[in-house]
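# Structural features, examined
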Number of protein chains: 2
Amino acid sequence: MGPGPINADPRVLRAMSAQLVGQYDPAMTAYMNETMELYRGVFRTANAATLVVDGTSRAGIEAALVSLIEPGDRVLVPVFGRFGHLLREIAERCGAEVHVVEREWGTVFTPAEIERAIVETRPKLVAIVHGDTSTTLAQPLDELGALCDKHGALLYTDATASLGGNLFEVDAWGIDVATAGLQKCLAGPSGSAPITLSERAVGVVNARKSIEAGIRSVGDAVSASPIRSNYFDLAMILDYWGPKRLNHHTEATTMLYGARECARLLVEEGMPEAVERHRLHGSAMVAGLVGLGLELFGDQGVRMNNVVGVEIPAGIDGDAARAALLADYGIEIGTSFGPLHGRVWRIGTMGYNARRDTVLTTLAALEQVLRRGGVPVTAGGGVGAAIDFYGER
Amino acid sequence: MGPGPINADPRVLRAMSAQLVGQYDPAMTAYMNETMELYRGVFRTANAATLVVDGTSRAGIEAALVSLIEPGDRVLVPVFGRFGHLLREIAERCGAEVHVVEREWGTVFTPAEIERAIVETRPKLVAIVHGDTSTTLAQPLDELGALCDKHGALLYTDATASLGGNLFEVDAWGIDVATAGLQKCLAGPSGSAPITLSERAVGVVNARKSIEAGIRSVGDAVSASPIRSNYFDLAMILDYWGPKRLNHHTEATTMLYGARECARLLVEEGMPEAVERHRLHGSAMVAGLVGLGLELFGDQGVRMNNVVGVEIPAGIDGDAARAALLADYGIEIGTSFGPLHGRVWRIGTMGYNARRDTVLTTLAALEQVLRRGGVPVTAGGGVGAAIDFYGER
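For every chain, the first residue of the written sequence is number 1, and numbering continues from 1 along that sequence. Labels follow written order: the first chain is A, the first ligand is 1, and so on. The predicted origin of the model limits local features to residues at a pLDDT of at least 70 and limits the giving and counting of side-chain atom pairs to 80 or more, whereas totals for whole chains, interfaces and linings rest on all residues. In computing side-chain values, all of the structure's heavy atoms are included and hydrogens and water are not.

Within an unreviewed UniProt entry, the label attached to chain A reads Alanine--glyoxylate aminotransferase family protein, and the organism entered is Lacisediminihabitans profunda. UniProt positions are given in the numbering used here, feature names are shortened, and annotations may be inferred rather than shown by experiment. Per its UniProt entry, chain A bears the Cofactor (unreviewed entry) comment "pyridoxal 5'-phosphate".

Here you go:
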């Protein structure tokens, strides 16, 4: 019940125990095509270039940034939490001239603030986190695509923490590139990074295409400004996933099975229904935490549905309380990073763990741990408030 | 029965269907530590820096090269097949000044040839493939560590295709960095890349350490020449796997379970015993192919135990024959790359598929496909020769 990774859905685990097939077996390439189509549904996009990168969500971020950014490119990174710093860090390693604007952790940007920064820095790319798990908040993105388009910038966003549990509309919001992972609302393990690219982004990437020596044919592309990474070269990866089936990496078969099943779960449920499920159980958790007398962290108007931050009450050792929850109740919750470490707990209700029983069990266990830690709590206050919340519906 | 990926061992698949645990759960960090120790056994090394990179075998290669190579560094790549070209390609993208020496596909280098190239180019790093699946041959490496040491170069090798099925001795051979994958003799799926680094290599990597913004503390390292990739920054990855447990990527839990089980299988069997099993069944396959009247490809004195190349007989369409084997018998074999595409088939006996029944079934099916394709074959010649081979033992 932390900020992720969380328990995987048993259907995902079963899918991942299936026997392997060969890399170019028609069954395998059919699974790859199905996975592409399923993630178009998850990302709410018609983008042909929708696939998974073989690595964790951070691999998806780096694949996007290293493929889009040429050394010297100006990149604007609005930072409102730890993962904004990660985007800045990766963009810097790609050789970008990075401009950062920052908001205090616990708040997000207004569109006008971001537009002002765009006007000042004239970036080729705006890179921004959607939901930053470190603060539990989600930056509203619905106006940002149009803003970037108006000023001639590409828009990249990292939706790892938010996708599946919060409204996320690649096409309607005009997002050029989005990446994610399986270990949050997608109910799978870390290790596969769904990604989608608009036609415009594909054009930028393909302009740098360089087919590698050893499999290059006469007439194949050799760019003057090749992408700095081979593994994350989206131009080659797109040809691997496309009809050319260019030999690149050997697709991680078991992770593909897992990624496919994660998307099937969401698409079968319906994306609006999945978001509503996260809203329901996330709100019940919040009601329960308030019922226990805890203070919430951050601007609750833009909190993600799937994770909430609470101030660690005075007088209790936050890490010892987390250890007790894990050891005595088998429940994991998280602390946070940097300025919030030891000050804030993060409690998730996401993916397979967005359920009534997990919410009530967590609240019941937390009440016991708080009481034994010397924090005054109303007996049954958390569970009662959550049940009342569910009952009202 | 191709050059890999191959069927996974059912024990690996079962391990990968286990429920997830949290990233810093004591159970998870204990699995990580166990996995490090197990891979020391697989790599035959005492290197503390032994772990898995989250990505395919190609991710392991890039992590090694991008972490070792600073732009402008001289790198020598002896190339004797397609994957030598891959090393060259990745080293070039890392900004290295790459020097290549080449041998005709189907042959390998003598130590003297490599030493001559080292003397001529004075590289910081020699990067060489151990077993190049494209040609099925393994470059003898037992003298190379001492040669590199003598000339002040680091030695990196890609053991993806060979590890577990052929003698491979990191410490005894003086290899600084070696990487692999699970999808060959390790009997698992692609998606996790075991890697080991000598103390000397760790020193080179750590000299470039830069802890990323967002989690950096006062006094933490900031390098003037940071590693160009964040995801593949082995200095940070080592701190994630080490006692600091620095937050980096979110370890791919299911792939870790798989990687751990692959290593447990090999260590329980014993590395010499695993190599002998690959030699036995690989040799039986070779005897059977010769018994069918096929010509072998490449220098048989340095063939890997786990894969053999055969010339596609005149008069038959190689790809149609492979398609028939797959469609009618459920058996996949491979062709090769570049100059060998359509000229050579590659037939593997590796990992879970290094068994008597897989060898005999493949030979029986291949005989039928060859006959129906118009190739003259002795009835029972392949299976007979393999059974004779097994019987002699």
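The discussion continues.
### A few points about the sheet that holds strand β3 (residues 97-102) of chain A
Residues and elements named next belong to chain A. Should DSSP find at least two bridges between two strands, the strands are regarded as paired. Elements are defined by DSSP. Helices are runs of H or I of four residues or more, strands are runs of E of two residues or more, and each kind is numbered from the N terminus. On the basis of which strands lie adjacent, the open sheet formed by seven strands has the order β1-β9-β8-β7-β4-β2-β3 and mixed pairing. What marks the edges here is a single partner per strand, and that holds for β1 (49-53) and β3. Between one strand axis and the next, the sheet turns by 15° as a mean value, whatever way the strands run. Pairing geometry for strand β8 (residues 177-179) and strand β9 (residues 193-197), over three bridges, is antiparallel. Bridging across to β9, Thr 179 finds its partner in Ile 195. Whether two residues touch is decided by their heavy atoms; if any such pair falls within 4.5 Å, the residues are in contact. Throughout, an axis means a line fitted to C-alpha atoms (over the contacting stretch in the case of helices), and angles, computed between N-to-C directions, take values from 0 to 180 degrees. With respect to the sheet, helix α7 (residues 199-206) is in contact with β1, β7 (154-158), β8 and β9, its orientation differing from that of β9 by roughly 95°.

### Quick word on the interface of chain A and chain B
Interfaces are often sized by the accessible area lost when the parts come together. Each partner contributes residues to the interface: chain A has 57 residues there, and chain B has 56 residues. When the two sides are added together, the surface that chain A and chain B hide from each other amounts to roughly 4,700 Å², 55% of it contributed by carbon and sulfur. As used here, buried area is the combined drop in accessible area, with a 1.4 Å probe, of two parts when they are placed together. The largest share of the area that chain A buries against chain B comes from Arg 58, Arg 93 and Tyr 231 of chain A, three residues that together contribute 15% of it. Salt bridges, as used here, are contacts in which a Lys or Arg side-chain nitrogen is within 4 Å of a carboxyl oxygen on Asp or Glu. Between Arg 93 of chain B and Asp 233 of chain A there is a salt bridge, with its nearest N and O atoms 2.5 Å apart. Two N or O atoms count as a polar contact when they lie within 3.5 Å, although within protein this holds only if one can serve as hydrogen donor and the other as acceptor, and sequence-adjacent residues are included solely when both atoms are side-chain atoms. Applying the counting criterion to the chain A and chain B interface returns 28 residue pairs in polar contact (both at pLDDT 80 or more).

### A short note on the packing of aromatic side chains
Aromatic pairing here means that ring centres of Phe, Tyr or Trp (its six-membered ring) are within 6.5 Å. Orientation follows from the plane angle: under 30 degrees is stacked, over 60 is edge-to-face, and everything else is tilted. Taken as a whole and assessed by the stated rule, the structure comprises 21 aromatic pairs over all chains. Ring centres of Phe 232 of chain A and Tyr 231 of chain B lie 5.7 Å apart, and the angle between their planes is 70°; on these two criteria the pair is classed as edge-to-face. One end of the pair, Phe 232 of chain A, is in the loop between α7 and α8 (234-241); the other, Tyr 231 of chain B, is in the loop between α7 (199-206) and α8 (234-241), on a second chain. Neither Phe 232 of chain A nor Tyr 231 of chain B differs from the other in exposure class; each is buried. Where Phe 389 of chain B meets Tyr 390 of chain B, the ring centres are 6.3 Å apart and the plane angle is 65°; that geometry is what we call edge-to-face. Exposure class is identical for Phe 389 of chain B and Tyr 390 of chain B. Each is buried. Among the aromatic residues, ring-to-ring pairing joins Tyr 39, Phe 43, Phe 168 and Trp 173 of chain A into one connected group. Our definition puts a charge over a ring when NZ of Lys or CZ of Arg is within 6 Å of the ring centre and also within 35 degrees of the ring normal. Sitting above the plane of the Phe 83 of chain A ring, Arg 82 of chain A keeps its charged end 4.7 Å from the centroid. Its guanidinium or amino end placed over the ring of Tyr 352 of chain A, Arg 355 of chain A lies 4.6 Å from that ring's centre, counting from NZ or CZ. Three labels apply to residues, based on accessible area from a 1.4 Å probe with only protein chains included: buried if under 20% of the type maximum, exposed if over 50%, partly exposed otherwise in between.

### A short note on the relation of the copies chain A and chain B
Mapping between the two copies of the chain is achieved by a rotation about an axis and a shift along the axis. Laying chain A over chain B is done by rotating through 180° and shifting 0.0 Å along the axis; what remains is an RMSD of 0.0 Å. This pairing of chains is accounted for by a two-fold axis. Across chain A, the smallest distance between a C-alpha and the rotation axis is recorded for Gly 55 of chain A, namely 2.4 Å. When the interface residues of chain A are mapped onto chain B, 98% of them again fall at the interface, so both copies present the same face. A least-squares superposition brings the copies together, and it is based on the C-alpha atoms of residues with pLDDT no lower than 70 in both.

### Focus: the layout of surface pockets
Computed over the protein atoms alone on a 1 Å grid, cavities are sets of points where a 1.4 Å probe fits but cannot get out and pockets are open sets with protein on both sides within 12 Å along at least five of seven lines; a residue lines them when it has an atom within 4 Å of a point. Grid points are joined across faces, edges and corners, and a volume is the space filled by probe spheres set on the points. Counted as a void, the second largest pocket has a volume near 930 Å³. Taken together, 40 residues form the lining of the second largest pocket, with Phe 337 and Arg 346 of chain A together with Gln 23, Tyr 24 and Asn 247 of chain B sitting closest to its centre. Among the elements of the structure, α3 (57-68), α4 (82-93) and α11 (318-329) of chain A are those that each provide at least two residues to the lining of the second largest pocket. Element by element, the count of residues in the lining of the second largest pocket is highest for α11 of chain A, at four residues. Here the residues of the lining of the second largest pocket are counted per class, giving 14 nonpolar, 17 polar and nine charged. Side-chain classes follow a simple rule in which Ala, Val, Leu, Ile, Met, Phe, Trp, Tyr, Cys and Pro form the nonpolar group, Asp, Glu, Lys and Arg form the charged group, and the remainder, Gly included, forms the polar group.

### A look at the pattern of salt bridges
Residues and elements named next belong to chain A. Here the structure, examined in full by the defined rule, presents 46 salt bridges over all chains. Note that Glu 113 is salt-bridged to Arg 103, the shortest N-O span being 2.9 Å. Linking Glu 113 in helix α5 (residues 111-121) with Arg 103 in the loop between β3 and α5, this pair joins segments that are ten residues apart in sequence. The exposure class of Glu 113 is partly exposed, given its relative accessible area of 24%.

### Describing α5 of chain A
Residues and elements named next belong to chain A. Considered for burial, the residues of α5 that qualify are Ile 114, Ala 117, Ile 118 and Thr 121. Burial along α5 is one-sided: seen end-on, the buried residues are contained in an arc of 105°. Where α5 is buried, its residues meet β2 (74-79), β3, β4 (125-129) and α6 (144-150). Once α5 ends, the next one or two residues include Arg 122, with phi positive near 50°. Directions are taken from the helix axis to each C-beta atom, and the arc is the one they span.

### Some thoughts on the side chain of Arg 82 of chain B
Among the secondary structure elements, Arg 82 of chain B is positioned in helix α4 (residues 82-93). A polar contact of 2.8 Å, which involves the side chain of Arg 82 of chain B, links it to the side chain of Asn 247 of chain A. Not counting residues within four places of it along the chain, the set of residues in contact with Arg 82 of chain B comprises Glu 212, Gly 214, Ile 215 and Asn 247 of chain A together with Arg 58, Trp 105, Asp 132, Ser 134 and Phe 337 of chain B.

### Brief notes about the environment of Val 42 of chain B
Residue and element names in this part refer to chain B. Relative to the helices and strands, Val 42 resides in helix α2 (residues 26-43). On the basis of relative accessibility, which here comes to 0%, the residue Val 42 falls in the buried class. Separated by 224 residues in sequence, Val 42 and Leu 266 have C-alpha atoms that sit 7.1 Å apart. If we ignore the near neighbours within four places in the chain, the residues touching Val 42 are Leu 163, Ala 263, Leu 266, Val 267 and Met 271.

### What to know about the pairing of strand β9 (residues 193-197) of chain B
Residue and element names in this part refer to chain B. Counting buried positions over the five residues of β9 gives five, a clear majority of the element. Here β9 shows no split at all, with Ala 193, Ile 195 and Leu 197 on one side and Pro 194 and Thr 196 on the other all buried. Summarising the sheet, strand β1 (residues 49-53) and β9 pair through five bridges and their orientation is antiparallel. Each residue of the ladder has a partner; that of Ala 49, found in β9, is Leu 197.

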